[in-house]
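Each chain, written out:
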Amino acid sequence: MSAAAPTTTDPAPQGVQHGAAAHSDGGWGLVPVQTRSARFRSTDPAAFADVTGREVDWKLSPVDRLRPLIDGVLDGSPYAYLARETGGAAVDWVGRDDARVGTAGSPEDKASSNAWAATEKVLAVTLTGDEPSTVTIGRSGLDREPRAGHTLIHATANTRSLVVLRNTGSAQLVENVEIVVDDGAQLTVVTLQEWDDDAIHLASHFATIGRDAQLKHFVVSLGGSVVRVNPSAHLAGQGSDAELYGVYFADAGQHLEQQVYVHHDAPNSRSRVNYKGALQGEGARTVWIGDVLIARSAPGTDSYEQNRNLVLSEGTRADSIPNLEIETGDIAGAGHASATGRFDDEHLFYLQSRGISEHEARRLVVLGFLSEVVQKIGEPELQERLIDALEVELTAGEGLPTAGSVA
């Protein structure tokens, strides 16, 4: 079996930390690269500098807990999975030399590159045909040793498909997920992180979207000790459309992170990013970073991103950082928003004034807040199951807090 040769983009000079550049006024010092578009990329982990935890893409992550996945030895052999698919969908292992591998993107960090290099086979999901198709892939029982994975999802032209990636059990997993949406295709991808409490999961999702194609991408993170899922969408074709959603619920001691990147690279492209999360319990931590680049090549772009976090108890922390980079003045619209706060007193008062108990009112507010994202999946059975899972997360805590101000 032949392996794809490592690729490197814009290698840093010897002795210079990746993600850093010399000052333009003399070159006497280094400043970090501030935009996602300028970050170093390579499929060779040796091309990356050692991760210290001070890098822009790692500074909010618990690096010490992730060290075995960032630069340790990984088991990249094929693993057991359970697939359920309808007509027009095929799931199979392919070689790393498959022509589609690497077409959606390449690693921006050392952990992703480590997984890319260690993976022996790629799990390919190929979607064809005129009728809508659905694929559910379940992974459970992965061993506790550090493991690498690589999944390729390819929606061929003019197809309509739903792909669900469900993760349960215990694992130490670092993986890359490539998503290729050909011209005119409509694809929904849902990744569910319902891991056991000790699981550690790092995932980089790369998507490229063709002409008049649409991708709806959902990240649902409920379980695990540390879960970091970083999706990026490249709107490469004219009229391409991307909707990136996320919902997460962090319990005591849990770290849930997502760094989102949307690159508008074609005219008249559209994107919407909407992530919502809740935090409950001592030490619950969430991180959301949203980067949007509207390139010179993307006139007529329409883009908006937002992140909302609901704090349910003391001792939690939510980091929310939206960023917007615009290189052309010819756009239809662009904006971002971020807010973190407690219950809205007015919402609770409204419900209680209609005879609903305080505890029930708080439950309804939280579920209503989070289920808005879930209901956009468009698959009723899956939506119902996820709302039930959110309710379990909510009631598993030590009780809901009193009302407070909204940030």
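Just above sits the structure.
Here the structure is a predicted model, which means the values were calculated and not measured.

Summing up its helical and strand segments, the protein has five helices and 22 strands in all. Counting every atom, the protein has about 16,600 Å² of accessible surface; 48% of that belongs to carbon and sulfur.

Attention now moves to the nonpolar core. One finds Leu127, Ile153, Val163, Ile179 and Leu187 to be the most contacted residues of the largest nonpolar core, which totals 48 residues. Counting residues in each nonpolar core, the second largest holds 25 residues, with Val164, Phe218, Phe369 and Ile377 among its members.

This part takes up the layout of surface pockets. Taken as a whole, the second largest pocket encloses approximately 430 Å³ of empty space. Those elements giving two or more residues to the lining of the second largest pocket turn out to be β5 (82-85), β8 (133-139), β10 (160-169) and α5 (380-395). Sort the elements by how many residues they give to the lining of the second largest pocket and β5 lands first, with four residues. The class makeup of the residues in the lining of the second largest pocket is six nonpolar, four polar and six charged.

Our focus in this paragraph is the sheet that holds strand β20 (residues 301-311). The mixed open sheet is built from nine strands, whose spatial order is β5-β8-β10-β12-β14-β16-β18-β20-β22. Lying at the two open borders of the sheet, with one neighbouring strand each, are β5 and β22 (331-341). Pairwise comparison of adjacent strand axes, ignoring direction, gives a mean angle of 5° for this sheet. With four bridges connecting them, β5 and β8 associate as antiparallel partners. Bridging across to β8, Glu85 finds its partner in Val135. Packing against the sheet, helix α4 (residues 358-374) makes contact with β14 (214-221), β16 (241-250), β18 (270-279) and β20, and its axis sits at approximately 150° to β18. Strands β10, β12 (186-195), β14 and β16 of the sheet are contacted by α5, whose axis makes an angle of about 30° with β12.

Attention shifts here to the pattern of salt bridges. Tallied over the full model, the rule gives 21 salt bridges. For Arg147, the salt bridge goes to Asp75, with nearest N and O atoms at 3.1 Å. Here Arg147 is found in strand β9 (residues 146-155), whereas its partner Asp75 is found in the loop between α1 (63-71) and β5, with 72 residues between them in sequence. You can call Arg147 buried: its relative accessible area is 8%. Asp319 is the partner of Arg285 in a salt bridge, and the nearest nitrogen-oxygen pair spans 2.8 Å.

Thresholds, definitions, all that
Residues numbered from 1 in each chain as written. Predicted model: local features only at pLDDT ≥ 70, side-chain atom pairs only at ≥ 80, totals over all residues. Heavy atoms only, no water. Helix = DSSP H or I, 4+ residues; strand = E, 2+ residues; numbered from the N terminus. Areas by Shrake-Rupley, 256 points an atom, 1.4 Å probe, with all protein chains shown as cover. Core = buried A, V, L, I, M, F, W, Y, C linked by side-chain atoms within 4.5 Å. Buried < 20%, exposed > 50% of the residue type's maximum accessible area, 1.4 Å probe, protein only. 1 Å grid on protein atoms, 1.4 Å probe; cavity = no way out; pocket = protein on both sides within 12 Å on 5 of 7 lines; lining within 4 Å. Points joined across faces, edges and corners; volume = space filled by probe spheres on them. Nonpolar A, V, L, I, M, F, W, Y, C, P; charged D, E, K, R; others polar. Pairing = 2+ DSSP bridges. Axes fitted to C-alpha atoms, helices over the stretch in contact; angles between N-to-C directions. Contact = heavy atoms within 4.5 Å. Salt bridge = Lys/Arg side-chain N within 4 Å of Asp/Glu carboxyl O.

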